[in-house]
Amino acid sequence: MTENSATIPNGNPSYLADTAPEPIRIVIADDHPIFRDGLRRLLALESDFEVVAEAADGKEVLEVVEKLDPDILLLDLKMPALDGLAALQKLQLNKRRTRVIVLTASEDKNEFVQAMKFGTSGIVLKQTATDLLIKSIPKVHAGEIWLDSNTT
């Protein structure tokens, strides 16, 4: 071994170990275009997030998740064609790896209980401060459960 050589664990050059982690791939599902657009722009400000698609109804949600297999789905409960709870139930049956954060204006505790039964990993109210939504995404992606204080 020469003076300038270094031991490379697993045969990988050390400069590759310093590469940035892959961004968290997110799908936004909400029937309001202005809300989706605003949320997409907000999430784009975070370097570790990437919005890969949007869906306007529950049927689109199922198609997009099937096609893109995102890390996180931000799912509204009140949508046309197939509501968020029905979409969540179908996603649970498909055993997707996508973790779901319900993002809703609803304050119906029964809907929250149903969403948890159908495998949601988080619930964030649209009335909540933006920074809490931003904090919830990496936590849920890491396997934690995130519940808005108003939902508990």
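Along every chain, residues carry numbers that run from 1 in the direction the sequence is written. Only residues with pLDDT of at least 70 are given local features in this predicted model, and only at 80 or more are side-chain atom pairs given and counted; all residues enter the totals for whole chains, interfaces and linings. No hydrogens and no water enter the side-chain calculation; it runs on all heavy atoms of the structure.

**Considerations on the packing of aromatic side chains**
Right, on to step 1. Centres within 6.5 Å are what make two rings of Phe, Tyr or Trp a pair, Trp counting through its six-membered ring; a difference in plane orientation under 30 degrees is then read as stacked, over 60 as edge-to-face, and the rest as tilted. Using the criterion set out here, one finds zero aromatic pairs in the structure.
Right, on to step 2. Directly above the ring of F35 sits K126, whose terminal nitrogen or CZ lies 4.4 Å from the centroid. We call a charge positioned above a ring when the Lys NZ or Arg CZ atom is no farther than 6 Å from the ring centre and deviates by at most 35 degrees from the ring normal.

**Focus: the pairing of strand β1 (residues 24-29)**
Right, on to step 1. Residue exposure (1.4 Å probe, protein chains only): buried if accessible area is under 20% of the type maximum, exposed if over 50%, otherwise partly exposed. Strands are runs of DSSP state E lasting at least two residues, helices are runs of H or I lasting at least four, and both sets are numbered from the N terminus onward. Across the six residues that make up β1, a large majority, five, are buried.
Right, on to step 2. For two strands to be treated as a pair, DSSP must find at least two bridges joining them. The pairing of β1 with strand β2 (residues 49-55) spans six bridges and is classified as parallel. The residue of β2 that forms the bridge with V27 is A53.
Right, on to step 3. Sheet topology note: the β1/strand β3 (residues 72-75) ladder contains four bridges and is parallel. Among the inter-strand pairings, A29 is bridged to a residue of β3, identified as L75.

**Re the side chain of T104**
Right, on to step 1. Its location among the elements puts T104 in strand β4 (residues 99-104).
Right, on to step 2. The class for T104 is buried, based on a relative accessible area of 1%.
Right, on to step 3. Leave out the neighbours within four places in its chain, and T104 touches D76, L77, F112, V124, L125, K126 and Q127. The contact rule is simple, with two residues in contact once any of their heavy atoms fall within 4.5 Å.

**Remarks on the nonpolar core**
Right, on to step 1. As used in this record, nonpolar core signifies buried Ala, Val, Leu, Ile, Met, Phe, Trp, Tyr and Cys residues forming a set joined through side-chain atoms within 4.5 Å. Grouped together as the largest cluster of nonpolar side chains are 23 residues, with contacts concentrated most on A29, V61, L73, L75, L88, L91 and V100.
Right, on to step 2. Elements supplying a minimum of two residues to this core: β1, β2, α3 (58-68), β3, α4 (84-93), β4, α5 (109-117) and β5 (122-125).
Right, on to step 3. It is α4 that provides the largest number of residues to this core, a total of four residues.
Right, on to step 4. Apart from the residues lying within four places of it in its own chain, the contact partners of L73 are V27, A29, V61, V65, L91, T98, R99, V100 and I101.
Right, on to step 5. In this structure, I24, F49, L74 and I101 belong to the second largest nonpolar core, which totals 15 residues.

**Section: the pairing of β3**
Right, on to step 1. Burial along β3 is two-sided: I72 and L74 and L73 and L75, pointing in opposite directions, are all buried.
Right, on to step 2. With four bridges connecting them, β3 and β4 associate as parallel partners. Directly across from I72, in β4, lies its bridge partner R99.
Right, on to step 3. We call a crossover right-handed when, viewed with the strands running away from us, the connection from the first strand over the helix to the second turns clockwise. This β-α-β element, β3 to α4 to β4, shows right-handed connectivity.

**A look at α3**
Right, on to step 1. Residues G58, V61, V64 and V65 constitute the buried set of α3. Buried residues of α3 fall within an arc of 115° about the axis and therefore sit on the same side. Exposed residues pointing more than 90 degrees away from the buried face of α3 are listed as E63 and K67.
Right, on to step 2. Packed against the buried residues of α3 are β1, β2, β3 and α4.
Right, on to step 3. Any pair of N or O atoms that falls within 3.5 Å is considered a polar contact. Within protein, one atom must be able to donate a hydrogen and the other to accept it, and sequence-neighbouring residues count only if both atoms are side-chain atoms. Its side-chain oxygen at 2.9 Å from the backbone nitrogen of K59, D57 defines the N-terminal cap of α3.
Right, on to step 4. The positive-phi residue at the C-terminal boundary of α3 is D69, with phi of around 45°. What the arc measures is the spread of directions leading from the helix axis to the C-beta atoms.

**Some details on the pattern of salt bridges**
Oppositely charged side chains are able to pair whenever their charged atoms sit close together.
Right, on to step 1. What makes a salt bridge here is a side-chain nitrogen of Lys or Arg within 4 Å of a carboxyl oxygen of Asp or Glu, nothing more. Applying the stated rule across the entire model yields nine salt bridges.
Right, on to step 2. In this structure, D37 engages R41 in a salt bridge whose closest nitrogen and oxygen atoms are separated by 2.9 Å. Residue D37 and its partner R41 are both found in helix α2 (residues 33-44); the two are separated by four residues, about one turn of the helix.
Right, on to step 3. Among the salt bridges present, the one from K78 reaches E111, with a minimum N-O distance of 2.5 Å. Pair noted here: K78 is in the loop between β3 and α4 and E111 is in helix α5, with a separation of 33 residues, a long-range link.
Right, on to step 4. Ionic contacts of the salt-bridge type, sharing partners, join the residues R36, D37, R40, R41 and E54 into one network.

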